[in-house]
Amino acid sequence: MRTPLITVAELADRLCSGQPTTVLDVRWRLSGPPGRDDYYAGHLPGAVFVDLDRDLCGPPGAGGRHPLPHPEALEGALRAAGVRDGGPVVVYDAGDGMAAARAWWTLRWAGHADVRVLDGGFAAWTAAGGEVTDKPTDVTRGDVTVVPGGMPVLDAAGAAALAADGVLLDARVAPRFRGETEPVDAVAGHIPGARNLPYGELVAADGTLRADLADVFADLGDGPVGAYCGSGVTAAHTVLALHAAGRTDAALYVGSWSHWITDPSRPVGRA
């Protein structure tokens, strides 16, 4: 099984040895200045900025805040970033892993198998003394072909069924899961039957994935497993962690809570 992660040392070796690697900078914030500004201030040598909201997701609306992108639009964005069919891709974000995980998941969903997340992101790279540049990257247009279906996807009905008959993990913080507070979406609560496993419980203090993820997921059993969050970004990190622990069958409810609540007939759990 190919690991979904790459360490700073491994990536540095690849870049120093000249191994062809497309590096995508996907730094992103749920609110605040866009990640593109961070890219222009300094990025990994050869990295190309890809906007999570504009390039890797569809427009917000009935499908949720970060729905699946249209395949043709995604293909155009990835080609513009230099992604080539079968070529290795490394994605990184500021360090929390969420945006990079959603980029990893999106490329895998699009049929691109050789993609990995820089464990610890830009923070880990700079902490290790990695080279940073503000020089623009000269991009050779790629030829990647998007073929949707490379990763299992849940819709609302599938998420409800999984919560009832398998394991559906909610990656949000506990107060949001319990419905005590909701700073983003219009309705507070969770999908009934879901199990809360906050994102923060899967990462070490430095933002890298925990080394004992197999133990963290040991009680999931052998049945089907999936994840959701507010809009399918944080939950992509849960799917990444599940893959790192060997659960490559893990599904993502892309629309997540922001899609679930678009239908008032869907039940809401609060506890």
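Calculation rules
- Residues numbered from 1 in each chain as written.
- Predicted model: local features only at pLDDT ≥ 70, side-chain atom pairs only at ≥ 80, totals over all residues.
- Heavy atoms only, no water.
- Pairing = 2+ DSSP bridges.
- Helix = DSSP H or I, 4+ residues; strand = E, 2+ residues; numbered from the N terminus.
- Contact = heavy atoms within 4.5 Å.
- Axes fitted to C-alpha atoms, helices over the stretch in contact; angles between N-to-C directions.
- Salt bridge = Lys/Arg side-chain N within 4 Å of Asp/Glu carboxyl O.
- Buried < 20%, exposed > 50% of the residue type's maximum accessible area, 1.4 Å probe, protein only.

1. Side note on the sheet that holds strand E4 (residues 89–92)
- Pairing within the open sheet is parallel, and its five strands lie in the order E1-E5-E4-E2-E3. The open sheet terminates on both sides in strands that have one partner only, identified here as strand E1 (5–6) and strand E3 (48–49).
- Relative to E3, strand E2 (residues 22–25) runs parallel, the two being bridged by two bridges. Looking at the pairing, Leu-24 lines up with Val-48 of E3.
- Each of E4 and strand E5 (115–118) is contacted by helix H5 (residues 98–109), which is oriented at about 180° to E5, the strand it contacts most.

2. A closer look at the pattern of salt bridges
- With the rule as written, the count across this model stands at 14 salt bridges.
- Salt-bridge contacts for Arg-29 lead to Asp-38; the nearest nitrogen and oxygen are separated by 2.8 Å.
- Classification of Asp-38 by relative accessible area gives partly exposed; the value is 24%.
- With its nearest N and O atoms 2.8 Å apart, the salt bridge here joins Asp-170 to Arg-172. The same class applies to Asp-170 and to Arg-172, which are both buried.
- Where salt bridges share partners, they join Arg-65, Asp-170, Arg-172, Arg-176, Glu-182 and Asp-185 into one cluster.

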